[in-house]
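Topology and contacts: notes
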Amino acid sequence: MKIAIAYQAGSVAASLGSCQEFLIVTAENGEPTGKELVTCSGEGHIRLLNFIGQYAIDVLICGELGIASRNALEMLGVLLVPGVTGPAEEAAAKFLVGEKQGDDSVLSLCREEDPNDPMACMHDCSKCAGCGPIDVDLKKLDLPDVN
């Protein structure tokens, strides 16, 4: 299992959106087997999703995160532990022993800017006129009759 902790000066970073470093703790059978501090440079959701995929992260411990980030990470199957404060290594240790921490309701409700999302739909296709609901004339489609 790989646990990524949003990292800033030894503590859990207050905001996932501005976090540039992650402490990755590798664990087997509930015991830590290694740790590595990794830089995740860039901006926007795509850099975070690339990082998660590149390092095969299973769990993400962080402070505040935005709705679009939460939705994207949950779709990837990442277990989120938001609203955590304090030392980063301690947060990983608490997770490994099953101690409850953080606050699941902590979300940044601000507008998340993402240069890869020019339509500002925050990756929710139902909000985008370009890929949302469209009118289709079913009579023009070559569909088989249903009995």
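Below is a summary of the structure that appears in this document. (Residues numbered from 1 in each chain as written. Predicted model: local features only at pLDDT ≥ 70, side-chain atom pairs only at ≥ 80, totals over all residues. Heavy atoms only, no water.)

It is worth spelling out helix α2 (residues 67–75) at this point. Along an α-helix, residues three or four apart share an orientation, since each turn contains 3.6 residues. Taken together, the buried positions of α2 are Ala68, Ser69, Ala72 and Leu73. All buried residues of α2 project into a common sector of 125 degrees when viewed along the axis, lining one side. Check the buried side of α2 and you find it contacts α1 (44–54), β5 (59–61) and β6 (79–81). Two residues or fewer past α2, Gly77 is found with a positive phi of approximately 85 degrees. (Buried < 20%, exposed > 50% of the residue type's maximum accessible area, 1.4 Å probe, protein only. Helix = DSSP H or I, 4+ residues; strand = E, 2+ residues; numbered from the N terminus. Arc of directions from axis to C-beta. Contact = heavy atoms within 4.5 Å.)

The biggest cluster of nonpolar side chains holds 19 residues, and the ones touching the most others in it are Leu16, Phe22, Phe51, Leu60 and Leu73. Contributions of two or more residues to this core are made by β1 (2–8), β3 (21–28) and α1. If you tally residues by element for this core, the top one is α1, at three residues. Every residue in contact with Phe51, bar those within four places of it in the chain, is listed here: Ala4, Phe22, Ile24, Val38, Cys40 and Ile57. Ranked by size, the runner-up nonpolar core spans 15 residues in total, among them Ile3, Leu23, Val59 and Val84. (Core = buried A, V, L, I, M, F, W, Y, C linked by side-chain atoms within 4.5 Å.)

Going through the model one piece at a time under the given rule, you end up with three salt bridges. Taking the shortest distance from any N to any O, the salt bridge between Lys35 and Glu89 comes out at 2.7 Å. Here Lys35, found in strand β4 (residues 31–39), pairs with Glu89, found in helix α3 (residues 88–96); they are 54 residues apart in sequence, far enough to count as distant. The class of Glu89 is partly exposed, set by a relative accessible area of 47%. Between Glu90 and Lys94 there is a salt bridge, with its nearest N and O atoms 3.3 Å apart. Highlighted residues: Glu90 and Lys94, both in helix α3, separated by four residues, approximately one helical turn. Judged by its relative accessible area of 41%, Glu90 is partly exposed. The exposure class of Lys94 is partly exposed, given its relative accessible area of 25%. Counted as one network, the salt bridges with shared partners bring together Glu90, Lys94 and Glu99. (Salt bridge = Lys/Arg side-chain N within 4 Å of Asp/Glu carboxyl O.)

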